[in-house]
Amino acid sequence: MGLATAPFVELANGIFYGALEPIQPIGLRMATVAAIEHVNAFMAHIILSKDMFRNAHRDVRRLFYWHFAEEIEHKCVAHDFLVRDRPSYYLRAFGGLIGFSAFFLASITGMCFLLAQRKRLFTRKTLSELKAFWIDEGVLKESIRHLASYFAPNFDPRDL
């Protein structure tokens, strides 16, 4: 689509893999990945169940629907490995705090980076679309519910 993504990818890789990963113990890395996979799965579930890409370009819609299905298909793998190898609620919860923060920080930063290239950052139309997505479609409310469910001691991704 003519957008430069390499600068953002390099920045994200530098932060996540160059700075954060080397200082995290392996158990915490596993817990962070499990949390990010939970976000991927519940966001996929929300977007698919609301058919939110119904008006997107056909190729974009097909790509994202495939990706969302793929995220849902393997939603238990990282969690199951974590609880088998490191069965600590506190480790999973701390990984959730890190993973959720990292996911949304990277997503918002990436979105701003792409919108700025289109000269659409902070325009009325963009703000209106963000409101429609997060508030009008109920994605924020559902996301908070799914994020909170992760911190239940008996959390299991199969429950969604």
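These notes cover the structure that comes with them.

Here we come to the pattern of salt bridges. Tallied over the entire structure, the rule returns 10 salt bridges. A salt bridge links R29 to E21; the nearest nitrogen and oxygen atoms lie 4.0 Å apart. By relative accessible area, R29 is classed as partly exposed at 27%. Among the ionic pairs, R158 bridges to D156, the shortest N-O distance being 2.9 Å. Take R158: its relative accessible area is 48%, and that puts it in the partly exposed class.

Turning to unusual backbone geometry, a few remarks are in order. One non-glycine residue, D51, adopts positive backbone phi at about 50°. Within the secondary structure, D51 is located in the loop between α2 (26-49) and α3 (58-73). Positioned with a positive phi, F122 is a non-glycine residue whose angle comes to about 65°. The residue F122 is located in the loop between α5 (89-117) and α6 (124-136) in this model.

So, on to the packing of aromatic side chains. Taken as a whole and assessed by the stated rule, the structure comprises 12 aromatic pairs. Taking the centre distance of 5.0 Å and the plane angle of 35° together, the rings of F53 and F64 count as tilted. Residue F53 is located in the loop between α2 and α3, and its partner F64 is located in helix α3; the two are separated by 11 residues in the primary sequence. A residue is classified by how much of its surface remains accessible, and F64, at 32% relative accessible area, is partly exposed. Residues Y150 and F151 carry aromatic rings whose centres are separated by 6.0 Å and whose planes lie at 90° to one another, so their mutual orientation is edge-to-face. A network of ring pairs unites the aromatic residues F53, F64, Y65 and F68 as a single cluster. In this structure, R92 packs its charged tip against the face of Y150, placed 5.2 Å from the ring centre.

Before going further, it helps to spend a moment on the nonpolar core. Across soluble globular proteins, nonpolar side chains show a tendency to be buried alongside one another. Core analysis: the largest hydrophobic core is formed by 22 residues, its most contacted members being V39, F42, F100, L147 and Y150. Of all the elements in the fold, those that place two or more residues in this core are α2, α4 (77-85), α5 and α7 (139-150). The leading source of residues in this core is α2, at 10 residues. L147 has contacts with V39, F42, F100 and F104, leaving out every residue within four places of it along the chain.

Reading guide: rules and limits
Residues numbered from 1 in each chain as written. Predicted model: local features only at pLDDT ≥ 70, side-chain atom pairs only at ≥ 80, totals over all residues. Heavy atoms only, no water. Salt bridge = Lys/Arg side-chain N within 4 Å of Asp/Glu carboxyl O. Buried < 20%, exposed > 50% of the residue type's maximum accessible area, 1.4 Å probe, protein only. Helix = DSSP H or I, 4+ residues; strand = E, 2+ residues; numbered from the N terminus. Phe/Tyr/Trp six-rings, centres within 6.5 Å; stacked < 30°, edge-to-face > 60°. Lys NZ or Arg CZ within 6 Å of the ring centre and 35° of its normal. Core = buried A, V, L, I, M, F, W, Y, C linked by side-chain atoms within 4.5 Å. Contact = heavy atoms within 4.5 Å.

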